[in-house]
Amino acid sequence: MEIKPLIKRVCVYILLLVIYFLLHISVFPNFKLGGIAPNIMIILVSSVGFMRGGNASLFLGMFSGLLLDMFSGTYFGMYAVIYLIVGLLNVLFHQWFFGDDMKLPLFLIALSDFIYGGLVYSCVYFMRARYDFFFYLFHVILPEVVYTVLISLVLYFPIYYMERWLNKSDKRSERRFVGFTE
Amino acid sequence: MRQRNNLNIPTGGVFFALLTICFMLLALSYVTGFSGGPIQTIANYVFVPMEKGLDYISNRASENSEDTKTKEELIAENTELKAQVEELTSKLTNMQLQQQELERLQNMYELSAAYTEYPTTGAHVIARGSSNWFNTFTIDKGSNDGIKEDMNVISGSGLVGIVTQVGPSYAIVRSIIDDNSNVSSMVLDTADNCFISGDLELMTDRNMIELTNLEDPDNEVVVGTSVVTSNISSKFLPGILIGYISELNEDSNKLTKSGTVTPAVDFKHLQEVLVILELKEVGNEDGN
């Protein structure tokens, strides 16, 4: 891949990261339902993961996590690990993604958020002897999954169209490149 | 099909490389308290201004949708509040008289006031936590405004939390309802020491925090008593209101009591907080 489309792609991902991070940390916590805010970063990491696949998604996962770590004041690096794992999980489903169907994306976003919840619970809460998993399952993890999936019905599309636009311009520049060398 | 790996490294390898970096960061932050370093400064200038505006707007929007009341409701509330104002004004005059008397008597006995007023600075909440699991929030003042780690954060009615991380123009506050929080405190009436710790389970269920290790051999503490920060705490200044006891039971060891406390601060609608610009001074560094 040439350098110019790569820079374009990186810029688009940084832009998406900034917007979704701000939505995650400053906007949606004001619209909590039953004390639960949706997980916007999961929507971004998961969607890019199964749409794009490859290393880009892993890097995006890690940087999303690091950003959250910086503004959460708990263990620096914990979210990075969790979002990296979530990113990898979605990359594995890349080969089944065809773009014309909402079932797989919604399922994967839900699954990602569920796994995220499970990982946070087992890393932080289980370690501190909070053994009542089912309470956390029904009061934190599942409500968050439902709310996140609802929000992703809207916030999935900006990522989808950005990705489509990037792929199109990739192809265009590839053709131009081939034409130029011939 | 186009080759997907730009750098010809298999995804698995990259994954493990990144994972190693993350674990190294975790270890580094555990050992040295590292929390971003130079990236933190960049993040400070990129995100903090935007967070400020966005949180303000969305907070207003959510309040507007929440607080739409009918005219009748408002009128009823208004009359109720007016009655309350009158009641409180009369109370206040009474209190002022008592205060004057107290001051006069204190002067007579040459006693200084028990609780000096702490110097504070106001700050806005600009971001509210990174997940549903932690109760931390970001305020719009940082080291440039004299904020330091471990400073206490209060709101009009009581203790909110403690500063855990400081950037140039933002700081992260862990509230006392966070599952990780543990405050050494005492019952106001009897000065018995106890611990107040946040508990996500109690908080989501009943909006309360946990009280443990209260030694009360004479059964003097009753439900409704105020709980304040104790003077033996190493990080919290003494005498800040935490909340009111709402439930109290004897532990199975028959020596201590535990129960629940209703916090004095409304954590759901927190917008402005006050940071106390004074750190608790302790003789030895490794106190509890």
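Residue positions are given per chain, counting from 1 as you read along its sequence in written order. For this description, chains carry letters from A and ligands carry numbers from 1, given in the order in which they are written. Per-residue local features are limited, in this predicted model, to residues with pLDDT of at least 70; the limit for side-chain atom pairs, both in listing and counting, is 80 or more; totals at the level of whole chains, interfaces and linings are taken over all residues.

A. Structural view of the overall build of chain A. The helix and strand labels rest on DSSP assignments: H or I over at least four residues marks a helix, E over at least two residues marks a strand, and numbering proceeds from the N terminus. Each helix and strand in chain A was counted, giving six helices and zero strands. Its C-alpha radius of gyration of 18 Å places chain A within 12% of the 16 Å reference for a compact globule of 182 residues. Considered along the principal axes of its C-alpha atoms, chain A spans approximately 65 × 35 × 30 Å. Each residue is classed by its C-beta neighbour count within 10 Å, where at least 20 other C-beta atoms makes it buried, 12 or fewer makes it exposed, and intermediate counts make it partly exposed; the C-beta atoms are placed from backbone geometry. Relative to its 182 residues, chain A shows a buried fraction of 46%. Residues are scored as being in contact if the C-beta atoms we place from backbone atoms lie within 7 Å. A sequence separation of at least 24 residues applies to 70% of the contacts in chain A between residues at least 6 apart. C-alpha atoms define the radius of gyration, and 2.2 Å times the number of residues to the power 0.38 defines the globule rule.

B. Spatial organisation of the overall build of chain B. Scanning chain B from terminus to terminus reveals four helices and 12 strands. Burial statistics for chain B: of 288 residues in total, 30% are counted as buried. Restricting the contact set of chain B to residue pairs at least 6 apart, pairs at least 24 apart contribute 56%.

C. How the structure looks around the confidence of the model for chain A. Mean pLDDT over chain A: 87, with 95% of residues reaching 70 or higher. For every residue, the predictor assigns a confidence score, pLDDT, that lies between 0 and 100. The secondary-structure element of chain A with the lowest mean pLDDT is helix α6 (residues 133-181) of chain A, recorded at 84, while helix α2 (residues 40-52) of chain A shows the highest, at 93.

D. Inspection of the domain arrangement of chain B at higher detail. Domain start and stop positions are those given by an automatic or database domain assignment. Split into domains, chain B comes out as domain 1 (77-113) and domain 2 (119-279). For domain 1 of chain B and domain 2 of chain B, the distance between their C-alpha centres works out to 27 Å.

E. Highlighting the environment of Thr 262 of chain B. Residue and element names in this part refer to chain B. Within the secondary structure, Thr 262 is located in strand β11 (residues 256-263). In this structure Thr 262 comes out as partly exposed when scored by C-beta crowding, with 16 C-beta atoms within 10 Å. For the pair Thr 262 and Thr 41, spaced 221 residues apart in sequence, the C-alpha to C-alpha distance is 37 Å. The contact partners of Thr 262, leaving out residues within four places of it in the chain, are Met 208, Gly 243, Tyr 244 and Ser 246.

F. Representation of the interface of chain B and chain A in the model. Listed by partner, the interface residues are 44 residues for chain B and 42 residues for chain A. Put simply, the parts of the chain that give the side of chain B that touches chain A at least two residues each are α1 (11-32), α2 (38-66), β1 (120-127), β2 (136-139), β4 (158-166), β5 (171-175) and α4 (200-206) of chain B. No other element matches α2 of chain B, which puts 10 residues into the side of chain B that touches chain A.

G. Here's a closer look at the pairing of strand β8 (residues 209-215) of chain B. All names here are of chain B. Sheet topology places strand β7 (residues 193-197) next to β8; three bridges connect them, and they run antiparallel. Within β8, the residue paired with Phe 195 across the bridge is Thr 212. At least two bridges found by DSSP between two strands are what make those strands a pair. For β8 and β11, the ladder comprises five bridges, and the chain directions are antiparallel. Across the sheet, the residue bridging to Leu 211 is Gly 259, located in β11.

H. Broad picture of the sheet that holds β11 of chain B. All names here are of chain B. Here we have six strands rolled up into a closed barrel, ordered β6-β7-β8-β11-β10-β9, and antiparallel in their pairing. Within the sheet, the average angular offset between the axes of one strand and its neighbour, ignoring direction, is 40°. Sheet topology note: the strand β6 (residues 182-187)/strand β9 (residues 226-229) ladder contains three bridges and is antiparallel. Across the sheet, residue Ser 185 finds its bridge partner in β9, namely Thr 229. All axes are obtained by fitting lines to C-alpha atoms, using only the stretch in contact for helices, and the reported angles, taken between N-to-C directions, cover 0 to 180 degrees.

I. Summary view of the sheet that holds strand β12 (residues 272-276) of chain B. Residues and elements named next belong to chain B. Ordered by their spatial adjacency, six strands build a closed barrel running β1-β2-β5-β4-β3-β12, and the pairing between neighbours is antiparallel. The sheet shows a mean angle of 45° between the axes of neighbouring strands, direction not considered. For strand β3 (residues 152-155) and β4, the ladder comprises four bridges, and the chain directions are antiparallel. Note on β4: the bridge partner recorded for Ile 154 is Leu 159.

J. A look at the confidence of the model for chain B. Residue and element names in this part refer to chain B. On average, residues of chain B score 83 in pLDDT, and 90% of them are at 70 or above. Within chain B, α2 has the poorest average pLDDT of any element, 79, and β5 the best, 92. In this model, residues 1-8 is a region of pLDDT below 50 whose contacts with residues beyond four sequence positions or in other chains number nine contacts. With a pTM of 0.81, the predicted complex shows an ipTM of 0.82.

K. View of unusual backbone geometry. Phi at Ala 129 of chain A takes a positive value of approximately 65°, unusual for a residue other than glycine. Mapped onto the secondary structure, Ala 129 of chain A falls in the loop between α5 (103-125) and α6. You can call Ala 129 of chain A exposed: it has 6 C-beta atoms within 10 Å. Backbone geometry at Asn 219 of chain B places phi at a positive 55°, although glycine is not the residue there. Here Asn 219 of chain B is to be found in the loop between β8 and β9. Classification of Asn 219 of chain B by C-beta neighbours within 10 Å gives exposed; the count is 9.

L. Looking closely at helix α1 (residues 3-27) of chain A. Compared with the 36 Å implied by 1.5 Å per residue over 25 residues, the 35 Å span of α1 of chain A between its first and last C-alpha is a close match. Of the residues making up α1 of chain A, those classed as buried are Arg 9, Tyr 13, Tyr 20, Phe 21, Leu 22, Leu 23, His 24, Ile 25, Ser 26 and Val 27 of chain A. Expected span of a helix: the number of residues minus one, times 1.5 Å.

M. Layout of the packing of α2 of chain A against helix α3 (residues 54-70) of chain A. Residues and elements named next belong to chain A. At their nearest, the axes of α2 and α3 sit 8 Å apart, and the two run at 170° to each other. As summarised for this structure, α2 and α3 are arranged roughly antiparallel, according to the angle between their axes. Counting all contacts with α2, which are made through Met 41, Leu 44, Val 45, Val 48, Gly 49 and Arg 52, the residues of α3 involved are Gly 54, Ala 56, Ser 57, Leu 60, Gly 61, Ser 64 and Leu 68. When grouped by side-chain class, the residues that make up the contact of α2 with α3 number seven nonpolar, five polar and one charged. Any angle that is under 35 degrees is reported as roughly parallel, and any over 145 degrees as roughly antiparallel; angles of 65 to 115 degrees are reported as roughly perpendicular and all others as oblique. For this classification, Asp, Glu, Lys and Arg are treated as charged, while Ala, Val, Leu, Ile, Met, Phe, Trp, Tyr, Cys and Pro are nonpolar and the rest, including Gly, are polar.

N. View of the pairing of β2 of chain B. All names here are of chain B. Alternating residues of β2 divide into Thr 136 and Thr 138 and Phe 137 and Ile 139, and every residue in both groups is buried. Note that β1 and β2 share two bridges and pair antiparallel. Bridging from a neighbouring strand, Val 125 pairs with Ile 139 of β2. The pairing of β2 with β5 spans four bridges and is antiparallel. Counted as the bridge partner of Phe 137 is Val 173 from β5.

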